[in-house]
Every structure is written in structure tokens, then in C-alpha cells.
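Residue-level listing of the chains:
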Amino acid sequence: EKTTLFQDKRVRQALFWAIDRQAIVDNITFGYAEVARGTQPRVSVGYAPDEIETNYTYDPERARQLLEEAGWVDSDGDGVREKDGQKFEVEWLSVAGIAEYEQMLAAIQQWWADIGVAMTPTFIDFPTLLDRMDAYDFQIMNLAFSWNIYGDQGPMFRCDAYEGGFNRMKYCNPEWDQLDDMQKVELDPERRRQILIQQANIINEDLPVGILVFRDNRMGYNARLKNFFPNGLFSGSELWSTPWLWLEQ
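Residues numbered from 1 in each chain as written. Predicted model: local features only at pLDDT ≥ 70, side-chain atom pairs only at ≥ 80, totals over all residues. Heavy atoms only, no water.

1. Examining the nonpolar core
Here is the rule we go by: As used here, the term nonpolar core means buried Ala, Val, Leu, Ile, Met, Phe, Trp, Tyr and Cys residues forming a set that is joined through side-chain atoms within 4.5 Å. Three exposure classes are used, based on accessible area relative to the maximum for each residue type with a 1.4 Å probe and protein chains only: buried under 20%, partly exposed in between, and exposed over 50%. Strands here mean DSSP runs of E at least two residues long; helices mean DSSP runs of H or I at least four residues long; both are numbered from the N terminus. Whether two residues are in contact is decided by their heavy atoms, any of which lying within 4.5 Å being enough.
Of all hydrophobic cores here, the largest spans 44 residues; its most connected members are Phe-88, Ile-108 and Trp-112. If one sorts the elements of this core by residue count, helix H4 (residues 99-113) sits on top with six residues. In contact with Phe-88, not counting residues within four places along its chain, are Leu-5, Phe-6, Val-11, Leu-15, Leu-67, Trp-72, Val-80, Arg-81, Glu-82, Gly-116, Val-117 and Ala-118. Judged by nonpolar contacts, the second largest core, of 12 residues, contains Ala-36, Trp-147, Phe-157 and Phe-214.

So this is what it looks like as C-alpha cells:
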């Protein structure tokens, strides 16, 4: 294990309560995103934000309370909490050269400092970031993923996805895996959708990852181009309407 800081679920929840994700949407993505509720994006058949049981709005006071309950206190008054002689100091890895990430981490650094957590952003090139991820050599990192319309998120959250999948946080919840086995063979669309929502609520409670926002991808094209309907369901899908395109003279 790289760090013991996040093994208590209350700590993970506290850190998430202390991020103003709506401010990220409004001021950093300029509205081209939505605050994530659960794990399923808008394009997914499992998208159901109103059925996600906990909505992590910005609540630093609740974050402080959870950290206190978990035993993290600022006993020496230096502004950083500690527990059992360990300071709550953490490094966050991110890709260098992306202004949006730089702004986001600067904001989160301040929000977490306000609750007694010292976070240091470290920006590195993408290949090095992937090397660090594959070596499990990180405390926190942010990545962007594209999830499809089908709602299958096993490669990130299944116990057996630690090796060969994206479960780099080594999350394991047998209940989630059992539901995942069920959704893979459920033929009734609505019953399967309800299973996906149950899975999303489990992840939303356990928070092995904190899904900040779902991005809205933008594509620029000449206004003379008509009948063009791009979407972002999979690579190359922006060209699905090519047979019906026409140019205005």
C-alpha cells in the first residue's frame, strides 16, 4: 500500500464533501460539465441522479465533523490535522500542461486546507503518470475516463480488476461484484437499470474514487456544414452522420 490515509471511509467522504464541484463546473469548465451524482454519466442507461442516495454538495463543516470522528485533529494548531503522529499531508499527481487541471487542483488545495488537510499538487507528463499508476506509486491522481451507454463499470470497480483493469485503488466489495454478475446476464432492461443504480449507490457510499464531474465534449465545425450531429459515445462516433451531411453554398 502507498498510504494509510484513506482507509477510513469517513475520511474519503470528508474530502469529497469539502470540494465545491459546482464551482468547478461554473468557474473552471465554464458550464461545459455537470456535477457527477453517482457513477453513471448522462449517456448511460444507468444514469439516474435523482436515485442516488447521497448528494455530496459543498459542506466543509460536515467534512470537518467526519475528520474529527475519524480521529484526525489539529492538536498543535498548525492548521494541519494529525492522527497517531501522522500529519494529513498528501500528494496529488496530475498531467502537466492542462490549465483546467491546474486551476482545479489549486482550488481543491485551498478547500482542503480549510478543513485541515495539506495537499500538494504535482504535475508530470502523461507517460510518467501512467507509469506511476501502473506501479501503484501514487497517493491521489486524477484521470479522465470515457464510459459508454451500457453502464458496465466492472473494469474499474470489480475486485478482480486490480490486475489488468483500472481498479488501481484496490477496491473490493463482494456485494458490488455480486450485483455486477447479475447485471451482465439480466435481460430485462428496467431490472438491469435498477441493478446499475444499486451499484452506483454502493460506490457513492464507499468512494473508492471521487467522480468530480461529467464533461460535455465540444466540437467546432463550420456553420455551412448541415445535418451534422456529433456525439461522444465512442471513438470516431462523431462521424456517424457523415452520409447525411451537406454544405450550404
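2. Remarks on a nonpolar patch on the surface
What counts is decided by this rule: Here, patches come from residues exposed beyond 30% relative accessible area and free of salt bridges, joined within 9 Å for like charges and within 5 Å for nonpolar side chains (Val, Leu, Ile, Met, Phe, Trp, Tyr). For the accessible areas, the method is Shrake-Rupley and the probe is 1.4 Å, while residue cover comes only from the protein chains on display. For this analysis, a salt bridge means a side-chain nitrogen from Lys or Arg found within 4 Å of a carboxyl oxygen belonging to Asp or Glu.
Together, Phe-126, Leu-143, Phe-145 and Phe-166 give the surface a local cluster of nonpolar side chains, amounting to about 350 Å² of exposed area. Checked against the element boundaries, Phe-145 lands in the loop between strand S6 (140-141) and helix H6 (154-157). Judged by its relative accessible area of 37%, Phe-145 is partly exposed.

3. A look at the pairing of strand S4 (residues 89-95)
Filter applied, for reference: Strands qualify as paired when DSSP identifies two bridges or more between them. Throughout, right-handed denotes a crossover for which the path from the first strand over the helix to the second runs clockwise when the strands point away from the viewer.
For S4, the tally of buried residues reaches five of seven residues, placing the bulk of the element in the interior. As paired strands, S4 and strand S5 (residues 118-124) are joined by seven bridges and run parallel to one another. The residue bridging Val-90 from the neighbouring strand is Met-119, located in S5. Crossover connection from S4 via H4 to parallel S5: handedness right-handed. In terms of strand pairing, S4 meets S6 through two bridges, oriented parallel. Bridge pairing in S6 places Leu-93 opposite Met-141.

4. Regarding the sheet that holds S4
For clarity, the cut-off: Geometry is summarised by axes, namely lines fitted to C-alpha atoms with helices restricted to the contacting stretch, and by angles between N-to-C directions that run from 0 to 180 degrees.
As summarised here, the arrangement of the three strands in space is S5-S4-S6, forming an open sheet in which the pairing is parallel. The outermost strands of the open sheet, each flanked by one partner alone, are S5 and S6. Each of S4, S5 and S6 touches H4; the most contacted strand, S5, lies at about 165° to it.

5. Some points on the packing of aromatic side chains
As a reminder of what qualifies: Here a pair means two rings of Phe, Tyr or Trp (six-membered ring of Trp) with centres within 6.5 Å. Their orientation is stacked below 30 degrees between planes, edge-to-face above 60, and tilted elsewhere.
For the structure on display, the rule yields 11 aromatic pairs. Ring centres 4.9 Å apart and planes at 55° place the aromatic pair Trp-17 and Tyr-56 in the tilted group. Of the two residues, Trp-17 sits in helix H1 (residues 9-17) while Tyr-56 sits in the loop between strand S1 (33-35) and helix H3 (60-69), which places them 39 residues apart along the sequence. Of the residues examined, Trp-17 reaches a relative accessible area of 5% and is grouped as buried.

6. Quick notes on the packing of helix H7 (residues 174-185) against helix H8 (residues 189-206)
The criterion, for reference: Should an angle fall under 35 degrees it is called roughly parallel, over 145 degrees roughly antiparallel, and 65 to 115 degrees roughly perpendicular, with every other angle called oblique. In this scheme, a crossing is called left-handed if the near helix is turned counterclockwise away from the far one by less than a right angle; it is called right-handed if the turn is clockwise. Gly falls in the polar group here, along with every residue not listed as nonpolar (Ala, Val, Leu, Ile, Met, Phe, Trp, Tyr, Cys, Pro) or charged (Asp, Glu, Lys, Arg).
Relative orientation of the contacting elements H7 and H8 amounts to 160°, with a least axis distance of 9 Å. Classified by the interaxial angle, the pair formed by H7 and H8 is roughly antiparallel. Classified by chirality, the crossing of H8 by H7 is left-handed. Seen from H7, the contacting residues are Glu-175, Trp-176, Leu-179, Asp-180, Met-182 and Gln-183; seen from H8, they are Arg-192, Ile-195, Leu-196, Gln-198, Gln-199, Ile-202 and Ile-203. A breakdown of the residues in the contact of H7 with H8 according to their chemical character gives seven nonpolar, three polar and three charged.

7. Observations regarding the pattern of salt bridges
Considering all chains together, one arrives at 20 salt bridges under this definition. Between Glu-100 and Arg-215 there is a salt bridge; the shortest N-O distance is 2.6 Å. Here Glu-100, found in helix H4, pairs with Arg-215, found in strand S7 (residues 213-215); they are 115 residues apart in sequence, far enough to count as distant. Across the pair Arg-158 and Asp-181 runs a salt bridge, and its minimum N-O distance is 3.0 Å. Linking Arg-158 in the loop between H6 and H7 with Asp-181 in helix H7, this pair joins segments that are 23 residues apart in sequence. Owing to a relative accessible area of 15%, Arg-158 belongs among the buried residues under this scheme. Residue Asp-181 is classed as partly exposed on the basis of its relative accessible area, which comes to 42%. Connected through shared salt-bridge partners, Asp-152, Arg-158, Asp-160, Asp-180, Asp-181 and Lys-184 make up one network.

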